[in-house]
Every structure is written in structure tokens, then in C-alpha cells.
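For reference, the chains in residue letters:
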Amino acid sequence: LENIAERADKMNVVGQMAVSVAHEIRNPLTTVRGYLQFIAYKKGDKALESCYEILIEELDRANDIISEYLLLAKEKRAKLQYCSLNKVIHAIYPLLETLATADKAAIRLQLAPVPDVLLDENEIRQLLLNLVRNAIEAMAHKGGLVQIRTYKEAEQVVLAISDNGPGIPAHLVEQLGTPFLTTKDTGTGLGLSICYRIVHRHGAVMKVKTDPAGTEFLIYFKLPV
Ligand code: ADP
Ligand code: MG
């Protein structure tokens, strides 16, 4: 069990990514996407439709990358308010379930009644999305199980996201949090970096437990004093 929260500091390296450029690129991408869908629909040609599908997937991927940069580059402080972690999980659950189902994975919630903690709801949604996405990708269509748990431990509220994928090799665990670190063909290597930064902003701590039977990311939130 290793504490990797301080690695959020590494994020300053990419903190100054061109936010305005990202904004400028996203608008034309959205327009192109809309027109592509319109053309695909008009043509009614199966072969063309599959080309458009690929184009749209690639556009969506470009958009994903931009989204990750945007969040990353934001230097604003998190808007922390006392709220229910379980409520945030329920709010994003439909999206997580859709992602899991698309990759033949199951997703299960085990939420204990936990006290409210200081949260930025948007950031916690992003954190859940990035961690669950990694969990699903780790199980690569093998139909694994993602579990999201909350519970109280000592004077902390714990959020745990686990999978039964192949685990993370020791040499990689040491580097987690480094921007652009990826083992995936089409990975951005930004997902975890963003998670560390979010955790850091919350004054929380993230730990990872991993072995060849699976991986679990645990985030420890402080209770109000
Ligand atoms: P990306 O998903 O784009 O590769 P991330 O920052 O989200 O970037 O993850 C970095 C790397 O950490 C991944 O490429 C993968 O090798 C490893 N990783 C992260 N989460 C898991 C997990 N749950 N199981 C196995 N490996 C993981
Ligand atoms: Mg990822």
C-alpha cells in the first residue's frame, strides 16, 4: 500500500497547457461531428456509415483529450462544499454503468451511510469517471467486476474503486501520476494525473493496492473537525 498523493505536484509540468487553444479546437470539432452524423444519416449507405462511425470515434477521442487537458490546466481552487459522497456516486452511476456494459463489465455499488465531506462535485465525478474507466479498460472485455465502495474508517471517509484485472506491475506503480504515462495504444496517460491532482485539492490521500488478481484505488477524505 503506497501513498502517491504527493505526486500531484508533478502536474505543474503540464499545468500551463494552452487552455484557450483547446477551447478554440473544440468548437470546430463539435461542428464537424454534427455534420458527419447528418451526412451518415442522409446517405443510408452501410459502408459509408461505418466510415463515419470511425470518424466520429476519432473525433470523440480528440475531444476526450481536450477535456482532460482543460481540467488539468485549470488552476482554480476546488469549490469545496460539504456534501454526500454517495449522492455524487449515484449521480454519475448511469454513465459509469453505460461504459461498463459497453465493455461487458459489471459494476456494483456498496455504499455505507457515510458523513458528508468537503467535495467539489464536478471534480469527484471526473475522479470516478477516470478510475472506473481505467478499471474497465484493465479488464479488457473479459467481463470483470468493478466495485465502488464507501465506508467510514477511523476519522476518515473512504472511497474505494476496485477491479479484477491483471494488476499494475511494480515498476509502473512507482511511476503512477506521471503525466502521459500510458501502457495503452490509444491512452492519453492523463487520467491518473488528473485524479492525483483532484485528490490533492481535496486535502485527501490516494493509495493503491494491486496484485495479479486486481487493483484497488482508495481515497481517504478527512471528516470535519
Ligand atoms: P491511460 O488510461 O490513458 O493509459 P491513466 O493515467 O488513466 O492513462 O493510466 C495510466 C496507466 O496506469 C495505464 O495505462 C495503465 O497501465 C495503468 N493503470 C491505471 N489503472 C489501472 C488499473 N485499474 N489496472 C491496471 N492498470 C492500470
Ligand atoms: Mg485512463
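Residues numbered from 1 in each chain as written. Chains lettered and ligands numbered in written order. Predicted model: local features only at pLDDT ≥ 70, side-chain atom pairs only at ≥ 80, totals over all residues. Heavy atoms only, no water.

### Some thoughts on the layout of surface pockets
So, step 1. Its volume calculated, the largest pocket comes out at about 1400 Å³.
So, step 2. Lining the largest pocket are 48 residues, with Arg-133, Asn-134, Glu-137, Lys-184 and Gly-187 sitting closest to its centre.
So, step 3. Those elements that provide at least two residues to the lining of the largest pocket are helix H2 (46-73), helix H3 (85-102), helix H4 (121-138), strand E6 (156-163), helix H6 (191-201) and strand E8 (214-222).
So, step 4. For the lining of the largest pocket, a count of residues per class yields 20 nonpolar, 17 polar and eleven charged. (1 Å grid on protein atoms, 1.4 Å probe; cavity = no way out; pocket = protein on both sides within 12 Å on 5 of 7 lines; lining within 4 Å. Points joined across faces, edges and corners; volume = space filled by probe spheres on them. Helix = DSSP H or I, 4+ residues; strand = E, 2+ residues; numbered from the N terminus. Nonpolar A, V, L, I, M, F, W, Y, C, P; charged D, E, K, R; others polar.)

### Concerning H6
So, step 1. Buried residues dominate H6, accounting for ten of its eleven residues.
So, step 2. Those residues of H6 not exposed but buried are Gly-191, Leu-192, Ser-193, Ile-194, Cys-195, Tyr-196, Arg-197, Ile-198, Val-199 and Arg-201. (Buried < 20%, exposed > 50% of the residue type's maximum accessible area, 1.4 Å probe, protein only.)

### A short note on the nonpolar core
So, step 1. Of all hydrophobic cores here, the largest spans 45 residues; its most connected members are Leu-159, Ile-219 and Phe-221.
So, step 2. If you tally residues by element for this core, the top one is H4, at eight residues.
So, step 3. Judged by nonpolar contacts, the second largest core, of seven residues, contains Leu-36, Ala-40, Ile-56 and Ile-66. (Core = buried A, V, L, I, M, F, W, Y, C linked by side-chain atoms within 4.5 Å.)

### Observations concerning the environment of Cys-83
So, step 1. Along the chain, Cys-83 falls in strand E2 (residues 81-83).
So, step 2. Overall, Cys-83 belongs to the buried group, its relative accessible area being 12%.
So, step 3. In this structure, the C-alpha to C-alpha distance between Cys-83 and Glu-121, residues 38 residues apart in sequence, is 8.2 Å.

### Notes on the site of ligand 1
So, step 1. Taken together, 19 residues are adjacent to ligand 1, and Asn-134, Asp-163, Thr-182, Thr-183 and Lys-184 come closest.
So, step 2. Within the side chain of Thr-182, one N or O atom sits 2.5 Å away from an oxygen atom of ligand 1.
So, step 3. When ligand 1 sits alone it has 540 Å² of accessible area, and the protein chains cover 92% of it.
So, step 4. A molecule is said to occupy a pocket when more than half its atoms come within 2 Å of that pocket's grid points, and by this definition ligand 1 occupies the largest pocket.
So, step 5. Considering only residue class, the shell around ligand 1 consists of seven nonpolar, nine polar and three charged. (Near = heavy atom within 4 Å. Polar contact = N/O pair within 3.5 Å; in protein donor to acceptor, adjacent residues only side chain to side chain. Areas by Shrake-Rupley, 256 points an atom, 1.4 Å probe, with all protein chains shown as cover. Sits in = over half its atoms within 2 Å of the grid points.)

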